[in-house]
Amino acid sequence: MILVVNKTYLKLVLLLLSFFLNSEFILGQNKSFKLATQTELVKAQYKKEASRIQTLQCNFSQVKKIAALTEQVKSEGQLSLKKPGKMKMEYTKPYSYIVRINNQRIQIKDEKKTTEANAATQKAWKYIHRMMIGSLQGDLLDSRDFTYALFENDQQLKIQIVPTEKNLKRYMKQMVLVLRKKDYALTSLEITELNGDTNTMTFTNIQLNKDVSDEIFNF
Amino acid sequence: MRYLIFSAFFLTSCSRDYVKISDPVFAKEDVYNLLHGSKHSERFKMEIEILNHYLTGILLVKEMDDKSMRFYAMTETGASYFDLIFSDVGKWKVNYIMPSLKNKKVIQTLYECLGYLHIDKFALVRSFLQEGGRYFQFTEGNRNYYVKTDLAMNNIERYELGSERKRKSIANIYKSDVGSIDSMKIKYEHFNMKWRLYHITNTE
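Definitions and cut-offs
Residues numbered from 1 in each chain as written. Chains lettered and ligands numbered in written order. Predicted model: local features only at pLDDT ≥ 70, side-chain atom pairs only at ≥ 80, totals over all residues. Heavy atoms only, no water. Phe/Tyr/Trp six-rings, centres within 6.5 Å; stacked < 30°, edge-to-face > 60°. Helix = DSSP H or I, 4+ residues; strand = E, 2+ residues; numbered from the N terminus. Buried < 20%, exposed > 50% of the residue type's maximum accessible area, 1.4 Å probe, protein only. Pairing = 2+ DSSP bridges.

Q: When you look at the packing of aromatic side chains in this model, what are you seeing that I'm missing?
A: Two descriptors summarise a pair of aromatic rings, namely the distance from one centre to the other and the angle between the planes of the rings. All names here are of chain B. Summed over the entire model, instances satisfying the criterion amount to 15 aromatic pairs over all chains. Ring geometry for Tyr-32 against Phe-138: centres 5.6 Å apart, planes inclined by 85°, an arrangement best described as edge-to-face. Note that Tyr-32 is positioned in helix H2 (residues 28-34) and Phe-138 in strand E7 (residues 133-140), a separation of 106 residues in sequence. Of the residues examined, Tyr-32 reaches a relative accessible area of 24% and is grouped as partly exposed. Judged by centre distance (4.4 Å) and plane angle (20°), the rings of Trp-92 and Tyr-111 are stacked. Here Tyr-111 lies in helix H3 (residues 104-115) and Trp-92 lies in strand E5 (residues 91-97), a separation of 19 residues in the sequence. Of the two residues, Trp-92 and Tyr-111, both sit in the buried class.

Below, the structure written as structure tokens:
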């Protein structure tokens, strides 16, 4: 009995410890967002700060929640971005899968084949690419393909995007990007599909403006 | 007349050598037991080669509480390909399909391929001997699936889809030690399409 209590207690202490040691939590991950009142000012600030970012490298974890099946699928990997339009996304779990986008060309490499993206996946990839690169360039909000709303707290900026463009509307209901205000790096990206399923990517160990070789994007 | 005889000979020589078993040496349960027992929930890496296109993604197969089967496929990045429900023989429902895949033929082909994953839900209608093995015919609406086993019915050699005279596709299924599907390879006979599924576990 003592052993059981101790184990439970230990788990609780560890849980609380990990919770509070998580700086993202302390820095306001959970603080409620309020609708940004000075939209143009926030937008200008974001654009200015984002223009300083030339490269981004980070780890990511991805959780796809499938409401009807009460299931979720988890994946993880590394992401590299380089202005003006280079992106490499390398999934390491559940299996190796690499996507390279070099301006308008998209290459997909799995454990067996290397192919150029086909029509079915190309649109989705281009959209994700546009969001990620756009978030770095700060000109994301200039697009006419969607409407947006800005929310903020002390530490973060949340951009809620609703597509208005015909093709995009066929694929998703909305997209939510969260950026940290200290450097306007993207920390999470959540896509809600038409059926209500969500796909959330969380970016950690973010490194900005490190030297990233062009070679990793080449194909 | 000569043509008639020739045609009759040609047709019979092309058709399969069916032997109907009037007094089966097996029980229906034995056949169903031999099929993969569908687990409550399974996940696969999915690879589809079709007409020079190559698609990959993750396929979830789940038996719901009401015993219907749900087939959900998504890209690695999380975008949904399709969400299909099989509730009973001949009763499929498209809950969602990616706009670029929304085509009647594509959907029918999906039903055909996914049918291989739950043959144990279909009706066993008959059996026959052929090619040194035993065939069991299952029907799902207007689709006929055949399970070929060795004569002693110890192992499944392959699955087939088609009519008695013309095979449409063949599926080779490799099972794990516990009887669930480890991998499956489907090849269509008359057009360039291949499906491959590999069981994955580390996504939860």
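Q: For this particular structure, what's the right way to read the pairing of strand E2 (residues 53-63) of chain B?
A: Two faces belong to every sheet, and in a regular strand the side chains alternate between them. All names here are of chain B. The buried fraction of E2 is high, at 10 of 11 residues. By the bridge criterion, 10 bridges tie strand E1 (residues 41-50) to E2 in an arrangement that is antiparallel. By the bridge assignment, Glu-47 is partnered in E2 with Thr-56. From the end of E1 to the start of E2, which pair antiparallel, there are 2 residues, and Leu-51 there has a positive phi angle of about 45°. Alignment of E2 against strand E3 (residues 69-74), held across 6 bridges, turns out to be antiparallel. By the bridge assignment, Lys-62 is partnered in E3 with Arg-70. Linkage of E2 to E3, two consecutive antiparallel strands, is achieved through a turn of 5 residues, within which Lys-67 is found at a positive phi near 75°.

Read these as geometric descriptors, not functional statements.
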